[in-house]
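One letter stands for each residue in the lines below.
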Amino acid sequence: MSRTHSPMPHADIRTIVIGVGVAMFLGALDQTIIAAALPAIANELGDFSAISWVASIYLLTATAVTPLYGKFSDIKGRRTALSLAVSVFVAGSVACALAPSMGWLIAARAVQGLGGGGLISLAQTTVADIVAPKERGKYQVYFASVFLLSSLLGPTLGGFFTQHLHWTLIFWINLPLGALAFFISNAALKRLPRHDRPHQLDILGAFLLVAATVTLMLALHDGGTDYAWTSPRILGLFGASLALWLLFVWRINQAREPLIPLAILGNKVVSRGTVAAACGMGAYIGLSIYLPVYFQAGRGLSTAASGLGLIPLMVGTVVGATIAGQLMGRIVHYKRIPAIGLCFATLGAIILALWADDLPLAGFETVLAIISIGLGTVLPTTTVAIQNAVELHQLGTATGTMNFFRQLGSAVTVAIFGALLNASGISEATLHAGATLEPGGFRSIFAATAIGFAVAFVFILWMKEQPLRSSSRRAAEAVIAD
């Protein structure tokens, strides 16, 4: 039954944003809280050789299913999709807490990822349903704050639970958080607009996309660590992934309703904005993961001090996102915001590539803050621009596609950075053995970061700039589905 509604009251919008924000926090927290518990998990369950899979399997499955949630939410509605994601995530968390062996835990983490892959993109899509693009940047700030909070709170909670209580609490805590996310959002989400059209989920396309992604990420995970990049196993995985990607492209051209429509892939805002976000975010994630190595092996800082050294890099993204969110609804040429931000980010990375070892620690941290503020302006701008460029019934698909390629770009970048670090003679094993970096030994990482930001800058300039819709009237014309 179709009805026409007035714009959603701010109180309802706030309730929905809080609800999906808690759901997003579930997925974001789980990526950080587990790090401190890994040694204790390996000690209790055994099989230290498989411990890296506890962290990486979640990212693998979450990345693979992200576009599926977007399409599914366009078909069945955001409330159904978000409820499914939260339920699967919580079920996976219970399985993790009850795991009697490492194999069980890894399988349960894979289930967690199947739920977690929808939490972030569905939260962004839900806000797009109820808030006009011109105002949407303000709400992206809340989501940036969620990631900051999870980055700061996750390692602290993980360490506290593991040291003073038990590591299983890092999974049990998801039950009350999941229940809170479910109940606080479910009632309000019933008022979300539905933009229904006759849809069908491309099962074959979904299978090919998931298989291609999983195969590629397996190659990136094992290459350069467990196996040489030129080993038959890694080359075989890359070859299989390429074949599956080609089959997926074939399926897109053949399917009556493909998983990712050509209209979305061919959209000059979606395609170029997605590449900009993937390159910029990939460089940022790679830098944040490997900076502790530089702090410890290059600066001689302790593990705790190296963690504190990341704070400017984390806080700055929220500052940049806040600036962009406040400005993009007020100025016509909103693309200038991330373009300027990426200029500063690229310049900062170049400074580190040339003079990182010569900078005092305070100066180094200042440059990190400049980099992260600049990168922070890209995240809300690209998200809102992409959502603004598609039809309302394609919001979930477009947002899921953007998040999928952003996560995939981050995984590829991390693998590239790891290969560069290994080439400098520093690996995780040698770091634990007390190795130190030679002067300039981290230059390739900083240079690669600058290149990633520069590529993002080019695609931001290349991205078509469409005027932001200033009315949420269309988003208030809802089809209520009980």
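These numbers come from a predicted model, not from an experiment.

What counts and what doesn't
- Residues numbered from 1 in each chain as written.
- Predicted model: local features only at pLDDT ≥ 70, side-chain atom pairs only at ≥ 80, totals over all residues.
- Heavy atoms only, no water.
- Helix = DSSP H or I, 4+ residues; strand = E, 2+ residues; numbered from the N terminus.
- Contact = heavy atoms within 4.5 Å.
- Areas by Shrake-Rupley, 256 points an atom, 1.4 Å probe, with all protein chains shown as cover.
- Patch = residues over 30% accessible without salt bridge, like charges linked within 9 Å, V, L, I, M, F, W, Y side chains within 5 Å.
- Salt bridge = Lys/Arg side-chain N within 4 Å of Asp/Glu carboxyl O.
- Buried < 20%, exposed > 50% of the residue type's maximum accessible area, 1.4 Å probe, protein only.
- Expected span 1.5 Å × (residues − 1).
- Bend = angle between axes of the 7 residues up to and from the residue.
- Polar contact = N/O pair within 3.5 Å; in protein donor to acceptor, adjacent residues only side chain to side chain.
- pLDDT = per-residue confidence, 0-100.
- Core = buried A, V, L, I, M, F, W, Y, C linked by side-chain atoms within 4.5 Å.
- Phe/Tyr/Trp six-rings, centres within 6.5 Å; stacked < 30°, edge-to-face > 60°.
- Lys NZ or Arg CZ within 6 Å of the ring centre and 35° of its normal.

## Quick look at the overall build of the chain
Counting secondary structure elements, the chain contains 20 helices and 0 strands. Counted over contacts in the chain with a minimum sequence separation of 6, partners at least 24 positions apart contribute 84%. Accessible area of the chain: about 19700 Å², with a carbon and sulfur share of 67%.

## Topic: a nonpolar patch on the surface
Side chains of L152, L308, I311, V315, V319, I323, L327, I331 and I373 sit close together on the surface and give an oily, nonpolar patch of about 650 Å² of accessible area. Residue contributions to the nonpolar patch peak at 5 residues, all from helix 14 (residues 311-327). Within the fold, I331 resides in the loop between helix 14 and helix 15 (336-355). With relative accessibility at 35%, the residue I331 sits in the partly exposed group.

## With respect to helix 12 (residues 268-298)
Between the first and last C-alpha of helix 12 there are 42 Å, a value that for 31 residues agrees with the 45 Å anticipated at 1.5 Å per step. Where helix 12 bends most, the angle comes to about 35°, and this point is Y290, followed within four residues by the proline P292. Counting buried residues along helix 12, 23 of its 31 residues qualify, which places the element largely inside the surrounding structure. A side-chain oxygen of the first residue of helix 12 lies 2.8 Å from the backbone nitrogen of V269; this N-cap is N267. One or two positions beyond helix 12, positive phi appears at G300, with a value near 70°.

## Some thoughts on the confidence of the model for the chain
Of the residues in the chain, 82% reach a pLDDT of 70 or more, and the chain-wide mean stands at 78. Below a pLDDT of 50 lies the segment residues 472-482, which in the model reaches 33 contacts outside its immediate sequence neighbourhood of four places, other chains included.

## What to know about the nonpolar core
Ranked by size, the top nonpolar core spans 72 residues in total, and within it I41, L105, L119, F171, W245 and F248 carry the most contacts. Beyond its immediate sequence surroundings of up to four residues, F171 is in contact with D30, I34, S93, C96, A97, L105, R109 and Q112. Judged by nonpolar contacts, the second largest core, of 43 residues, contains V293, Y294, A349 and L421.

## Section: the side chain of T317
Relative to the helices and strands, T317 is located in helix 14. By relative accessible area, T317 is classed as buried at 10%. Every residue in contact with T317, bar those within four places of it in the chain, is listed here: Y284, S372, I373, L375 and G376.

## Regarding the environment of G316
Along the chain, G316 turns up in helix 14. The sequence separation of G316 and T377 amounts to 61 residues, and the corresponding C-alpha distance is 9.8 Å. Apart from the residues lying within four places of it in its own chain, the contact partners of G316 are S372 and I373.

## Re the side chain of S410
If you trace the backbone, S410 turns up in helix 18 (residues 395-423). For S410, a relative accessible area of 11% gives the class buried. For S410, the side chain forms a polar contact with the main-chain oxygen of R406, separated by 3.0 Å.

## Structural notes on the packing of aromatic side chains
Enumeration over the complete set of coordinates arrives at 14 aromatic pairs. Between Y294 and F295 the ring centres are 6.2 Å apart and the planes differ by 55°, which places this aromatic pair in the tilted class. This pair shows no difference in class: Y294 is buried, exactly as F295 is. Among the aromatic side chains, those forming a connected cluster through ring pairs are Y294, F295, F364, F442 and F446. Above the plane of the ring of W462 lies R272, whose end atom (NZ or CZ) is 3.9 Å from the centre.

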